[in-house]
Amino acid sequence: MAVKKTQTAKKTTTRKRKPAAKKKQTESFIVKTQKTINDGRTRLLLAGLTFFLALIVFLAFISYLISWEGDQSQLDFSNPDVEVNNLAGKLGASLAHLFIYDWFGIASFSIVLILSVIGLHLFNIKFIPLGKTIKYSIIATIWLSVSLSFIFGAEYLVLGGAHGYYLSDLLVSFLGITGTAFLLFILLAAFILFTFENSYIWLINVFGGEDKKEVEAVKVAVNQQYEEDDQDEVNEGPLSLGTNINLDTNELIETVDRKHLLIHDNGKVENKEDLGFEVENTIKENENKNTSNNETKEGLVLDVEKNEDIQAEEFDEEPYDPTLELSNYKFPPIELLDDHRAVDSEVTKDELLQNKNKIVETLKHYKIEITKIKATIGPTITLYEIVPAPGVRISKIKNLEDDIALSLAALGIRIIAPMPGRGTIGIEVPNQNPEIVSMRSVISSLKFQESKYDLPVVLGKTISNESFVIDLAKMPHLLVAGATGQGKSVGLNAIIASLLYKKHPAEVKFIFVDPKKVELTLYEKIEKHFLAKLPESEDAIITDNAQVINTLNSMSKEMDSRYNLLKLASVRNIKEYNQKFINRKLNPMKGHRFLPYLVLVIDEFADLIMTAGKEVEMPIARLAQLARAIGMHLIVATQRPSTNIITGTIKANFPARIAFKVASMIDSRTILDTPGANQLIGRGDMLISEGSDITRLQCAFIDTPELDKITSYISQQQAYTSAYILPEPDSDEDSGVNDIDLSKKDDLFEDAARMVVLHQQGSTSLIQRKLSIGYNRAGRIIDQLEAAGIVGAFEGSKARQVLMPDEYALEQFLKTI
């Protein structure tokens, strides 16, 4: 009996193992089949076949629409002598007749779209979700077929197909013509509302006002619906999503797209908590037991690939839109700008001939022959290009600058010898009636409107009457200098207005420094749109010098923070970083954010240098050296172009410079490293240097009322809750002075204190010199004296204030510490 029971148990065990072995073989076959399908060569072959089939169907449908009447009676495959006019042959004619005539009409072209998307997915090009495309294409095909048949009837059966005509006729018999039309319209509206999740929100904003509570409720409902749909789809695969998925782009919460960054090609999953989903227990158990290692690894790879396909189809989010929060923002219209051109500002032929004859006559007096002369009329000057006769020295013509000016009785004659790249000598002569270049004319120019620059700026017009457009992001900083009243402030306003007309508030922010307190006050209206400021600062326009130092330190802190973000994102500049963020490849929960461009505008740099000195110059030099890659650009203007204001450090970091009219050649060399600015005629006449090239422009004129209209137009629109907040600058308490331990004073502390009080002068150099010690030790002693309250805080180039009146008071104080 015992033997029989043992044999029976063995048989039972054997019977139980057979299904497991079969299941294992079946799973192995499925894994091999999936591996073959996912092989790159197989996918490439299938993609090619799919595209070929899509092309055949497309040609068949197009040909059928042209020759369907002739081919309709000849669809006989059994007769080899029958010929059809379809480009895809008998098979194409038969397919086209089936789909277009018998079924759905011209709506059957959706098959071409579905086949094309399938082919793209086989090529791993998944910017269009496959699942949604198939689902929506089927719904649209049926609706379009019925609608076309309802509108055109049986007379044009090829438009809606027999299937569409049958359904429309059935609906008309039940609902009537009016009821059927109303039903089709309701179905179309429902399709649009449920296909495009933002359509209902748009309808509320357009027809129902901007009810924020209702809009937010709609967004929550849409997100919940998508979460439920997404959960159902993903539960079919080996990876399960967490429930805290928010598809609202305003919240910037990490979505399922992050798994592209954390799932490697070998199937390993890292940082599963960050993904928002976890691996199922069956996979974990297989990994822990280390059973069937090869099959487990293959299964994991296949499961991850399957989940990635689900994500690409069902969770394919749109790119992040930085302008979404102010999606209704409207750029200022061109009508806000005025046309300042005068009627009598044109250059007459008599003026051209008169100037030409005087130039030729003056050169003949000095026995200089010319072979050719050409005039180019500009807004304020006319360029006369001459070709001298062979053997004439260029320096001889250049030395006649004053003589030509005398003969023409004109101010500001400028000779360019030779003209770069032209083989001529240029003589710039001011026009008798100079034209005012309106900001409206350059803003409306195609060159500016169609520019693809990151920070496009239109400054004015060249001698050839072309709008001069530059990219501030590539300059990357701009130095503006010139005498008082020659157009610097107008030039700054033209630069700012260019950016306001071209950039969204989410893309650029300004930091305005206005020591004169009157030049940039108009921009206070757009504080919540375009301005940046320190936290808890009342005024966005900085007028106090102490506040300027804090702002520059804050910008340095922002610069370091942005470089850390670029390092974490493995990119080199702000453009690559923002593109990566827009494509949702960076996690906002880890500190990543969209980085707007920051433009610092300083209206009077000389005043800051005179009052703060190195405390202003050093941060500006550091920003100019490093801030280009992270989208921080400086525009510095001054009316005092001297070497103690525009120092070598400043000039080295500002390769792009603008010079308005200055008083002397020395000032011109200080700004441009070359003469010429002293020969300008003023009132917006300027030279711009971009490296080695110098271009003469007439700066665009924009008046205060125009700026007022632009800022008022922007300020009346929806704005952010506050200005762009810069980081909190390091306070004085963070400098380390208060952390000094006076119990570990230097051995020469008391001697230094007595010497400082005796001389009533607190400086590091005095201690270094009198006590014959090094600079570092003297610096530590002066910090200890400041911490003890014997000397005051550092005041730039000034000596520290001595807080002890005499030696007796010092001795009494030393006893206490």
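Keep in mind the model is a prediction, meaning the values are calculated, not measured. (Residues numbered from 1 in each chain as written. Predicted model: local features only at pLDDT ≥ 70, side-chain atom pairs only at ≥ 80, totals over all residues. Heavy atoms only, no water.)

### Looking at the overall build of the chain
Now for step 1: Secondary structure summary: the chain contains 30 helices and 18 strands in total.
Now for step 2: Among the 817 residues that make up the chain, the fraction classed as buried is 44%.
Now for step 3: For the chain, the exposed area adds up to about 43,500 Å²; of that, 54% sits on carbon and sulfur atoms. (Helix = DSSP H or I, 4+ residues; strand = E, 2+ residues; numbered from the N terminus. Buried < 20%, exposed > 50% of the residue type's maximum accessible area, 1.4 Å probe, protein only. Areas by Shrake-Rupley, 256 points an atom, 1.4 Å probe, with all protein chains shown as cover.)

### Comments concerning unusual backbone geometry
Now for step 1: The linkage connecting Ala417 with the following residue, Pro418, adopts the cis geometry, with an omega of -5 degrees.
Now for step 2: The topology assignment puts Pro418 in the loop between strand 5 (414-416) and strand 6 (425-430).
Now for step 3: A cis amide bond links Met475 with the next residue in sequence, Pro476, at an omega value of -10 degrees.
Now for step 4: Along the chain, Pro476 turns up in the loop between strand 8 (467-471) and strand 9 (478-481).
Now for step 5: Positive phi values are uncommon outside glycine, yet Lys367 reaches one of about 60 degrees.
Now for step 6: Inspection of the secondary structure assignment puts Lys367 in the loop between helix 13 (349-365) and strand 3 (370-377).

### Points about the packing of helix 27 (residues 749-759) against helix 28 (residues 764-771)
Now for step 1: Where helix 27 contacts helix 28, the two axes come as close as 11 Å, and the packing angle between them is 115 degrees. As for how helix 27 packs across helix 28, the hand of that crossing is right-handed. In this structure, helix 27 contributes Ala752, Met755, Val756 and His759 to the contact, and helix 28 contributes Leu766, Ile767, Lys770 and Leu771.
Now for step 2: Tallied by class, the residues present in the contact of helix 27 with helix 28 amount to six nonpolar, one polar and one charged. (Axes fitted to C-alpha atoms, helices over the stretch in contact; angles between N-to-C directions. Left-handed = near helix turned anticlockwise from the far one by under 90°. Contact = heavy atoms within 4.5 Å. Nonpolar A, V, L, I, M, F, W, Y, C, P; charged D, E, K, R; others polar.)

### A closer look at helix 28
Now for step 1: Residues of helix 28 that are buried include every one of Thr764, Leu766 and Ile767, and no others. The arc that holds every buried residue of helix 28, seen down its axis, measures 165 degrees, which confines them to one face.
Now for step 2: On its buried side, helix 28 packs onto helix 27 and helix 29 (775-788).
Now for step 3: Between the side-chain oxygen of the N-cap and the backbone nitrogen of Leu766 there are 3.3 Å, and the N-cap of helix 28 in question is Ser763.
Now for step 4: Backbone geometry just after helix 28 places Ser772 at a positive phi near 55 degrees. (Arc of directions from axis to C-beta. Polar contact = N/O pair within 3.5 Å; in protein donor to acceptor, adjacent residues only side chain to side chain.)

### Description of the side chain of Thr380
Now for step 1: Among the secondary structure elements, Thr380 is positioned in the loop between strand 3 and strand 4 (381-388).
Now for step 2: A polar contact is formed between the side chain of Thr380 and the side chain of Gln698, at a distance of 3.2 Å.
Now for step 3: Once residues within four sequence positions are removed from consideration, Thr380 is found in contact with Pro430, Asn431, Pro434, Glu435, Ile681, Asp685 and Gln698.

### As for the packing of aromatic side chains
Describing an aromatic ring pair means giving the distance of the ring centres and the angle of the ring planes.
Now for step 1: As enumerated under the stated definition, the model contains nine aromatic pairs in all.
Now for step 2: With a centroid separation of 6.1 Å and 55 degrees between ring planes, the pair formed by Phe61 and Phe99 is classed as tilted. In this pair, Phe61 sits in helix 2 (residues 40-71) while Phe99 sits in helix 3 (residues 89-104), placing the two residues 38 residues apart along the sequence.
Now for step 3: Owing to a relative accessible area of 1%, Phe61 belongs among the buried residues under this scheme.
Now for step 4: Measuring from ring centre to ring centre gives 5.4 Å for Phe61 and Phe109, while their planes differ by 80 degrees; the resulting arrangement is edge-to-face. Of the two residues, Phe61 is situated in helix 2 and Phe109 in the loop between helix 3 and helix 4 (110-122); the sequence distance between them amounts to 48 residues.
Now for step 5: Judged by relative accessible area, which is 22%, Phe109 ranks as partly exposed.
Now for step 6: A network of ring pairs unites the aromatic residues Tyr329, Phe331, Phe510, Phe512, Tyr523 and Phe530 as a single cluster.
Now for step 7: Sitting over the ring of Phe448, Lys502 keeps its end group 5.5 Å from the ring centre. (Phe/Tyr/Trp six-rings, centres within 6.5 Å; stacked < 30°, edge-to-face > 60°. Lys NZ or Arg CZ within 6 Å of the ring centre and 35° of its normal.)

### Structural notes on the sheet that holds strand 6
Now for step 1: On the basis of which strands lie adjacent, the open sheet formed by four strands has the order 3-4-6-5 and antiparallel pairing. Lying at the two open borders of the sheet, with one neighbouring strand each, are strand 3 and strand 5. Neighbour-to-neighbour, the strand axes of the sheet open up by a mean angle of 20 degrees, direction not taken into account.
Now for step 2: Bridge count for strand 3 against strand 4 is seven bridges, and the pairing is antiparallel. In the sheet register, Thr376 faces strand 4, and the bridge partner there is Leu383.
Now for step 3: This element, helix 13, spans strand 3, strand 4 and strand 6 of the sheet and lies at about 40 degrees to strand 4. (Pairing = 2+ DSSP bridges.)

Fair warning: the whole summary comes from geometry, so function is off the table for now.
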